[in-house]
Amino acid sequence: MKLRRIIYLGVSASLLLFVFVIDVMRKNVELNVIGLPLVRDLLIIASFVLIYLYLEARQVHRALTPIKRIGLMMIYTVITGFVCFVIAFISEDNFDQKDFALIPLTYGQLFLATFLSVLLGIFAILMFRLARGLVLFKRKRGTERNFTIFIGLALATAASTMTLEPLEYSLFTNILFGFAILFAVLNSFRLPWIVYLTKREKIFGLIYGLILFLVLIGLNVGVGMERSLLGKSLLYHSYPLSRFILLTTIFANIYFGMAFISTLFHLPTAEAFDRKSTEVTSLHNLGKLVTQVFDFNELVETVTSMTLQVCEAQSCWLEIIHHEHDQDRNTSGPKELVVLNDAGGKYSVQLAGMKNISQLEIITLLPAGERTLRDEVIEERKAIVVDDLARDSRFRRVEKSKAQIGSMVVVPLVSHAGLIGVLYATKENAYGFFKDDVDVISAFADQATVAIENSRLIKKSIERERLLREMTLAQEIQRRLLPQCLPSYAAMDIDASSIPAFEVGGDYYDVVELDDNKCGIVVGDVSGKGVSAAFYMSEVKGIFQSLSRLYPSPREFMIRANEALSSSIDKHSFVSLIYAVIDMANGTLTLARAGHCPLLHLSGENAAYLRPGGMGLGLSNGTAFAQSIEESTIRLNPGDVCVFYTDGITEARRGDDDEYGYDRLMHTVISAKQEAVSALKEHILHTVRSHADKPENDDDMTVVVVKWRGGGSQKSA
């Protein structure tokens, strides 16, 4: 592309230089070559066509706004006009006329004629390209057709002079010239771009248009007069080129004369257009904010600023209405709750943002505890306009010296969930707001409502995401608190499982080796569920791991564990625990229970729940707890089954009343007592789930199954 542009420019310059050499030769000797003038004109036309192609390839002026195009045209015109004026002022007319031909008497005149022709030829091309962008602004089908006809007529006019001498006339050329002027006038009515100019741009457009019109008149006079130096220079260099330049400058002259007059008539309405343009831009920007900005304070700042700008209001503020039990209060905002009003139902008001008005002035206008304009808007949920604040009965108590406000408009912010806020705008003069103002502020309020709702939803979503991450982390921590694998003994088999009701639960089980002959089994249940229950569960694990080896007696362990836990557990929480120490050398199980479910013991054909007394850990830290804890010991026989569990097993419900219960648990264990511990454990969980008939369990479920084989304390391989 760059090479092509260089070729265009290089070939064009070469052609113009070649023509200049021919002219120099013609001045010295008479060249009677047939067709030489026609070839010379064709070379000149080709050189300017290449200049046009060069500018098109560079896409010069393509993205300019109308006012910038006019400004650039004014600069080109003033510079060209000034150069032509200076040359015409200081130069002498050294052309000789022979019949219809013009002959330069000096080389300086020859060079000057070439220079002026090139200058005005390039100027005409630039003006043509810039004017084309204005005429075709928001083009219609007829617009492009009319402009194309004008171009065709201008080129035809120029082409009709190719066989004529510089001073020779042709009726056909004059007819074409007249039609070209007619279509130049027709195209000059294409001025749609003026409507879209701001007031400031229209003022500049007037100045630019007037300068263009005056300077182009001078150029047209110079180009069109055959007796002027400018006219003779163009006619000598190229008759076709001079006609094209003349038609282009005449068209520009007419066009900018029309543009000046039209802009003058549009000037009174420029302010209204500016305002509408600002409204559209502000609504567009606010619409973008709805999807791009989720910071509440930034949204409030934008809404109040735009409202102030679009309505040319004196002051503006935005209130967020909080109803009872509202969980969406933005406590991070710069303004605190300032009003508590019961007049329109119990609600409070948060002053989210304000412009050019103080909090004291707002309270003066809308005092707490009285029925105010705010209450009317909240009740009616539609915009209210106060045309004259001084005469309005709702503001009679407001001192005039404190209220420098003439009129006010109040618009509710209503979402699908109800009213969330109120937007206010004020003006110093009475009757300052028109229907358009109310419509615009209402549109702003609607956009602001969507933006604020989005902001709140995003905030909730982020909070949920954070809680989910914390819950996942807590679940992983809790999973690691439970034994990853259970010890194996020759004397007994152990298997266990714990299934939380939520992401994290409060059940706990553990198995610890106390010495070579004894192991301790503990199952606990923290009151409540969730993260707090998991926290206490981790504390219980620490207590069990540290105290179980120090206190081999289950009862003594329970007393010490209660002492350790009571100092940290919440007064509304407690932990139920069952702890058994199995002596594998003697084949005994010693049990203590702190408010937990009883141990299910199957021995032969007998089955019973062992219920030594004891209150839950954390309910009392004194003697009462120690006195409540009982300890019992049973002897284990080969084939005996002991089932530790939490209340999530026995209290699993079908519907509202039908609990799984102790009896079903006992029958379930009896029916599968011959199974291995893993199969027995799965059978218990399966029957509980089948009974509840729910995809999720209501409470944490933990079960530990021990089957005694006897035969010593050796560990299994």
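(A) How the structure looks around a nonpolar patch on the surface. A surface patch of nonpolar side chains, about 490 Å² in accessible area, is lined by Leu210, Phe213, Leu214, Ile217, Val221 and Met225. Looking at the element boundaries, Ile217 is found in helix α7 (residues 199-224). Ile217 gets classed as partly exposed once you look at its relative accessible area, which sits at 35%.

(B) Structural view of the nonpolar core. By size, the foremost hydrophobic cluster in this structure holds 75 residues, and its most contacted members are Leu120, Trp193 and Phe256. With 16 residues, helix α4 (residues 107-135) is the largest single contributor of residues to this core. In this structure, Tyr489, Tyr536, Tyr579 and Ala592 belong to the second largest nonpolar core, which totals 53 residues.

(C) View of the sheet that holds strand β13 (residues 588-594). The strand order across the open sheet built from five strands is β10-β11-β12-β13-β16, with neighbouring strands paired in antiparallel fashion. Unpaired on one side and paired on the other, β10 (507-513) and β16 (631-635) mark the two borders of the sheet. Each neighbouring strand pair of the sheet contributes to a mean axis angle of 15 degrees, computed without reference to strand direction. One ladder, built from five bridges, connects β13 with β16; its direction is antiparallel. Directly across from Ala592, in β16, lies its bridge partner Glu631. Packing against the sheet, helix α16 (residues 554-566) makes contact with β12 (575-583), β13 and β16, and its axis sits at approximately 145 degrees to β12.

(D) Fine view of the packing of aromatic side chains. This model, assessed by the stated rule, comprises 18 aromatic pairs. Pairing Phe557 with Tyr579 gives two aromatic rings, centres 4.7 Å apart and planes at 55 degrees, and the pair type is tilted. Taken together, the residues span a long stretch of sequence, with Phe557 in helix α16 and Tyr579 in strand β12 at a distance of 22 residues. We classify Phe557 as buried; its relative accessible area is 1%. On the accessibility criterion, Tyr579 (0% relative accessible area) is buried. Connected via pairs of aromatic rings, a cluster forms that spans Tyr52, Phe128, Phe147, Phe150, Phe251, Tyr255 and Phe256. One residue, Lys138, lies across the ring of Tyr196, its end atom 5.0 Å from the ring centre. The cationic tip of Lys427 hangs over the ring face of Phe433; the distance from NZ or CZ to the ring centre is 5.0 Å.

(E) Region of interest: unusual backbone geometry. Residues other than glycine seldom take positive phi values, yet Arg381 does so here, at roughly 55 degrees. As for its position among the elements, Arg381 is in the loop between α13 (373-380) and β6 (384-386). Arg381 gets classed as partly exposed once you look at its relative accessible area, which sits at 43%.

(F) Looking closely at the pattern of salt bridges. Using the criterion set out here, one finds 23 salt bridges in the structure. One salt bridge in this structure joins Asp495 and Lys681, with 3.5 Å as the shortest N-O distance. Of the two residues, Asp495 is situated in strand β9 (residues 492-499) and Lys681 in helix α20 (residues 677-692); the sequence distance between them amounts to 186 residues. Here Asp495 and Lys681 have matching classes, each one buried. Each member of the salt-bridge network shares a partner with another, and the members are Asp23, Arg26, Arg40 and Asp41.

(G) Local environment of helix α19 (residues 661-671). Buried within α19 we find Gly661, Leu665, Met666, Thr668 and Val669. Considering only its buried residues, α19 is in contact with β14 (599-603), β15 (606-610), β17 (641-645), α18 (647-650), β19 (658-659) and α20.

(H) View of the side chain of Asn253. With respect to the helices and strands, the residue Asn253 is situated in helix α9 (residues 239-266). Residue classification places Asn253 among the buried positions, given a relative accessible area of 7%.

(I) Representation of the pairing of β14 within the structure. Of all five residues in β14, five are buried; the element is thus mostly enclosed. Burial of the side chains of β14 extends over both faces: Leu599, His601 and Ser603 are buried on one face and Leu600 and Leu602 on the other. Both β14 and β17 contribute to a ladder of three bridges, which runs antiparallel. From the neighbouring strand, Leu602 faces β17, where its bridge partner is Val641.

(J) Molecular detail of the confidence of the model for the chain. Looking at the chain, the pLDDT average stands at 84 and 92% of residues meet or exceed 70. Confidence, expressed as mean pLDDT per element, reaches its minimum in the chain at strand β4 (residues 337-341) with 53 and its maximum at β17 with 95.

(K) Spotlight on the packing of helix α2 (residues 36-57) against α4. Viewed as axis vectors pointing N to C, α2 and α4 meet at an angle of 45 degrees, and their least axial separation amounts to 11 Å. Between α2 and α4, the angle is such that the two are oblique. At the point where α2 passes α4, the crossing takes the right-handed sense. Only Ser117, Val118, Gly121, Ile122, Ile125, Leu126, Phe128, Arg129 and Arg132 of α4 make contact with α2, whose side of the interface consists of Phe48, Ile51, Tyr52, Leu55 and Glu56.

Definitions and limits used
- Residues numbered from 1 in each chain as written.
- Predicted model: local features only at pLDDT ≥ 70, side-chain atom pairs only at ≥ 80, totals over all residues.
- Heavy atoms only, no water.
- Patch = residues over 30% accessible without salt bridge, like charges linked within 9 Å, V, L, I, M, F, W, Y side chains within 5 Å.
- Areas by Shrake-Rupley, 256 points an atom, 1.4 Å probe, with all protein chains shown as cover.
- Salt bridge = Lys/Arg side-chain N within 4 Å of Asp/Glu carboxyl O.
- Helix = DSSP H or I, 4+ residues; strand = E, 2+ residues; numbered from the N terminus.
- Buried < 20%, exposed > 50% of the residue type's maximum accessible area, 1.4 Å probe, protein only.
- Core = buried A, V, L, I, M, F, W, Y, C linked by side-chain atoms within 4.5 Å.
- Pairing = 2+ DSSP bridges.
- Axes fitted to C-alpha atoms, helices over the stretch in contact; angles between N-to-C directions.
- Contact = heavy atoms within 4.5 Å.
- Phe/Tyr/Trp six-rings, centres within 6.5 Å; stacked < 30°, edge-to-face > 60°.
- Lys NZ or Arg CZ within 6 Å of the ring centre and 35° of its normal.
- pLDDT = per-residue confidence, 0-100.
- Parallel < 35°, antiparallel > 145°, perpendicular 65-115°, else oblique.
- Left-handed = near helix turned anticlockwise from the far one by under 90°.

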